[in-house]
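The chain contents come next:
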Amino acid sequence: MAVPHVHPHDDGPGHGHEHSRDGLLGPRVGRGHPAAAVRAAAPGGETVTLEQRVLAKNEELAAGNRAWLAGQGIVAVNMMSSPGAGKTTLLERTIRDFTGRRPVAVVEGDQETMLDAERIRRAGSTVVQVNTGAGCHLDAEMMRDALTTLAPVPGSLVLVENVGNLVCPAMFDLGERSRVVIISVTEGTDKPLKYPYMFAAADLVIINKVDLLPYVDFEVARCEEHARSVNPGLRVLAVSATTGEGMRDWYDWVAEQY
Amino acid sequence: MSITQSIVDAVCERAAGRPVHTVRVRVGELTAVVADSLRFCFDLTTEGTVAAGAVLDIEQPPGAGRCRACSQDFTLTDLVLLCPCGSADVEITSGRELEIVSMRVG
Ligand SMILES: [Zn+2]
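For every chain, the first residue of the written sequence is number 1, and numbering continues from 1 along that sequence. Whichever chain is written first becomes A and whichever ligand is written first becomes 1, with later ones labelled in order. Given that this is a predicted model, residues contribute local features only at a pLDDT of at least 70 and side-chain atom pairs are listed and counted only at 80 or more, while totals for whole chains, interfaces and linings are drawn from all residues. The basis for the side-chain values is all heavy atoms of the structure; hydrogens and waters are excluded.

**Side note on the coordination of the zinc ion**
Residue and element names in this part refer to chain B.
Consideration 1: The zinc ion binds to the protein through Cys 67 (SG), Cys 70 (SG), Cys 83 (SG) and Cys 85 (SG); the donor distances cover 2.3 Å.
Consideration 2: For Na, K and Ca the donor cut-off is 3.2 Å, and for all other metals it is 2.8 Å, counting N, O and S atoms only; because water is absent from this set, sites may look incomplete. Note on geometry labels: four donors, all angles 85 to 135 degrees, give tetrahedral; four donors become square planar and six octahedral when opposite donors are over 155 degrees apart and every other angle is between 65 and 115; remaining cases are irregular. One can describe the site at the zinc ion as tetrahedral: its four donor atoms subtend angles covering 104 to 118° at the metal.
Consideration 3: Along the chain, the residues that donate to the zinc ion are spaced as C-x2-C-x12-C-x1-C.

**A look at the pattern of salt bridges**
Consideration 1: Salt bridge, as applied in this entry: a Lys or Arg side-chain nitrogen positioned within 4 Å of an Asp or Glu carboxyl oxygen. For the structure on display, the rule yields 24 salt bridges over all chains.
Consideration 2: With a shortest N-O distance of 2.7 Å, Glu92(A) and Arg119(A) are connected by a salt bridge. Of this pair, Glu92(A) sits in helix H2 (residues 87-98) while Arg119(A) is found in helix H4 (residues 117-122), placing the two residues 27 residues apart along the sequence.
Consideration 3: Taking the relative accessible area as the measure of exposure, Arg119(A) reaches 28% and is therefore partly exposed.
Consideration 4: In this structure, Arg26(B) engages Glu59(B) in a salt bridge whose closest nitrogen and oxygen atoms are separated by 2.9 Å. Counting from the N terminus, the helices are DSSP H or I runs at least four residues long and the strands are E runs at least two residues long. Accessible area is worked out with a 1.4 Å probe on protein chains only. A residue is then buried under 20% of its type maximum, exposed over 50%, and partly exposed in between.

**Considerations on the packing of H2(A) against helix H9 (residues 247-256) of chain A**
All names here are of chain A.
Consideration 1: Note on method: axes are straight lines fitted to C-alpha atoms, helices fitted across the in-contact stretch only, with angles between N-to-C directions ranging 0 to 180 degrees. Running from N to C, H2 and H9 cross one another at 70°; their axes reach a closest spacing of 11 Å. The orientation of H2 with respect to H9, classified from their angle, is roughly perpendicular. Once H2 is placed against H9, the crossing between them reads as right-handed. Between H2, through Leu 90, Arg 93, Thr 94, Asp 97 and Phe 98, and H9, the contact on the second element is made entirely by Met 247, Trp 250, Tyr 251 and Val 254.
Consideration 2: Following the grouping adopted for this structure description, the nonpolar residues are Ala, Val, Leu, Ile, Met, Phe, Trp, Tyr, Cys and Pro, the charged ones are Asp, Glu, Lys and Arg, and the polar ones are all others, Gly among them. Within the contact of H2 with H9, the residues separate by chemical class into six nonpolar, one polar and two charged. Roughly parallel refers to an angle under 35 degrees, roughly antiparallel to one over 145, roughly perpendicular to one between 65 and 115, and oblique to any angle outside these ranges. With the far helix as reference, a near helix turned anticlockwise by less than a right angle produces a left-handed crossing, and one turned clockwise produces a right-handed crossing. Contacts between residues were defined by any pair of non-hydrogen atoms, one from each residue, lying within 4.5 Å.

**Considerations on the sheet that holds strand S6 (residues 178-184) of chain A**
In any sheet, the strands associate via hydrogen bonds between backbone groups, in a parallel or an antiparallel arrangement.
Residues and elements named next belong to chain A.
Consideration 1: A sheet is described by the order of its strands in space; here seven strands give the open sequence S4-S3-S5-S2-S6-S7-S8, paired in parallel fashion. Each of the sheet's edge strands pairs with one partner strand only, and the pair in question is strand S4 (126-129) and strand S8 (235-238). Each strand of the sheet is rotated relative to its neighbour by a mean of 20°, with strand direction disregarded.
Consideration 2: Pairing analysis gives four bridges linking strand S3 (residues 104-108) to S4, with the strands arranged parallel. Following the sheet pairing, Glu 108 is matched in S4 by Gln 129.
Consideration 3: Helix H5 (residues 140-150) rests against strand S2 (75-81), S3, S4 and strand S5 (157-161) of the sheet, and its axis sits at about 140° to S4. What makes two strands pair is DSSP finding at least two bridges between them.

**Some details on the pairing of strand S3 (residues 64-67) of chain B**
Residues and elements named next belong to chain B.
Consideration 1: The alternating pattern of S3 places Gly 65 and Cys 67 on a buried face and Ala 64 and Arg 66 on a face that is not buried.
Consideration 2: Of the pairings in the sheet, the one linking S3 to strand S4 (residues 73-75) comprises three bridges and is antiparallel in character. Following the sheet pairing, Arg 66 is matched in S4 by Asp 73.
Consideration 3: With antiparallel pairing between neighbouring strands as the criterion, S3 and S4 make up a hairpin whose turn holds five residues, including Ser 71 at a positive phi of roughly 65°.
Consideration 4: Note that S3 and strand S5 (residues 90-94) share four bridges and pair antiparallel. Following the sheet pairing, Arg 66 is matched in S5 by Glu 91.

**Looking at the packing of aromatic side chains**
Residues and elements named next belong to chain A.
Consideration 1: Aromatic pairs are defined between Phe, Tyr and Trp rings, using the six-membered ring for Trp, whenever the two ring centres lie within 6.5 Å; interplanar angles under 30 degrees are classed as stacked, those over 60 as edge-to-face, and all others as tilted. Under the defined criterion, the tally for this structure stands at two aromatic pairs over all chains.
Consideration 2: Measuring from ring centre to ring centre gives 5.3 Å for Phe 98 and Tyr 251, while their planes differ by 85°; the resulting arrangement is edge-to-face. Of the two residues, Phe 98 is situated in helix H2 and Tyr 251 in helix H9; the sequence distance between them amounts to 153 residues.
Consideration 3: Taken together, a centroid distance of 5.8 Å and an interplanar angle of 20° make the contact between Trp 250 and Trp 253 stacked. With Trp 250 and Trp 253 both in helix H9, this residue pair falls three residues apart, about one helical turn. Each member of the pair Trp 250 and Trp 253 is classed as buried.
Consideration 4: Distance and angle both matter: a charge sits over a ring if NZ of Lys or CZ of Arg is within 6 Å of the ring centre and within 35 degrees of the ring normal. A cation sits over an aromatic face here: Arg 101 above Phe 98, 5.2 Å from the ring centre.
Consideration 5: Above the face of the Tyr 258 ring, Arg 102 is positioned so that its terminal group lies 3.5 Å from the ring centre.

**Structural notes on the confidence of the model for chain B**
Consideration 1: Scored from 0 to 100, pLDDT reflects the predictor's confidence in each residue. Of all residues in chain B, 99% have pLDDT values of 70 or greater, and the mean over the chain is 95.
Consideration 2: Across the assembled chains, the prediction reports ipTM 0.91 with pTM 0.86.

**Comments concerning the environment of Asp89(B)**
All names here are of chain B.
Consideration 1: Inspection of the secondary structure assignment puts Asp 89 in the loop between S4 and S5.
Consideration 2: Here Asp 89 falls in the partly exposed class, since its relative accessible area comes to 39%.
Consideration 3: Residues Asp 89 and Arg 68 lie 21 residues apart in sequence; the distance between their C-alpha atoms is 5.7 Å.
Consideration 4: Apart from the residues within four sequence positions on either side, Asp 89 is in contact with Arg 66, Cys 67, Arg 68 and Ala 69.

Below, the structure written as structure tokens:
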């Protein structure tokens, strides 16, 4: 039974997806408790102290993935974006340009991009698709299963296309080496302020489609400033996956992760 | 696994078959989790489990930070890390909690 939520990603029509049971999202409403019926404590009841992190299990699995990847000399990069940021094109170009340099494998969690898995395969990468169902993010267990199926060779680069939204994926560690947020200049300059959790959790921001800058109202420097206001150490690269502009900087950044 | 599912799984595991009446969680104001959505999802996720009908009690520690430049403690209402002194070298000291505190069973 999925709960339809209004998602705070503001990205055009046709991308409504349902949120099942995540307790995230939606506008922040007041803090008061609703006048819920408080049940009388059962006589002879007992208080059990748990004091544990909600995501403890996911963190444990993520740590396992991280250790395995490190042991294989594999770098996994968790790539997160809103729909329409140009992730698939960026991935295709990256895979092509890595031919002969380093094997690339792709974990495909984005329902939208699933349709493009064939494009990824044609570009020369192995791909595994993860069905997240009504879920709005990948988790460490899905990542573990995907890695088992993919069986990436030692030293390879694993690019993880997370589900296309900028809220939920920020909360779930997959065991990746680094986290990248991709936005395009067709989105708002204030994107980092609308999705502060995502930008706070990122290691790198890629601003894509800079070839379109003359035609849109987007200020790269101002966007960088916003992103650093929630994450002072954040690296920001401006690229066009279509023309290839700036892609070298992205490849250099990947090389630094090894 | 979603946030709510994680809570319900942990609670049901520890309850070991006993009915759960109240679950207390700590969700900082500087997390992306919205209390009302969490409560709503909790009611649905607990259906058919020993925690069905349990009340979800949510503590919400407010955001707070400490400046590494001037050692000042101050309130953070969002993730923009800026001390009143102008420094952005700020450590978040409260508001990022996402924990299961306790539950009432039996
Ligand atoms: Zn200060």
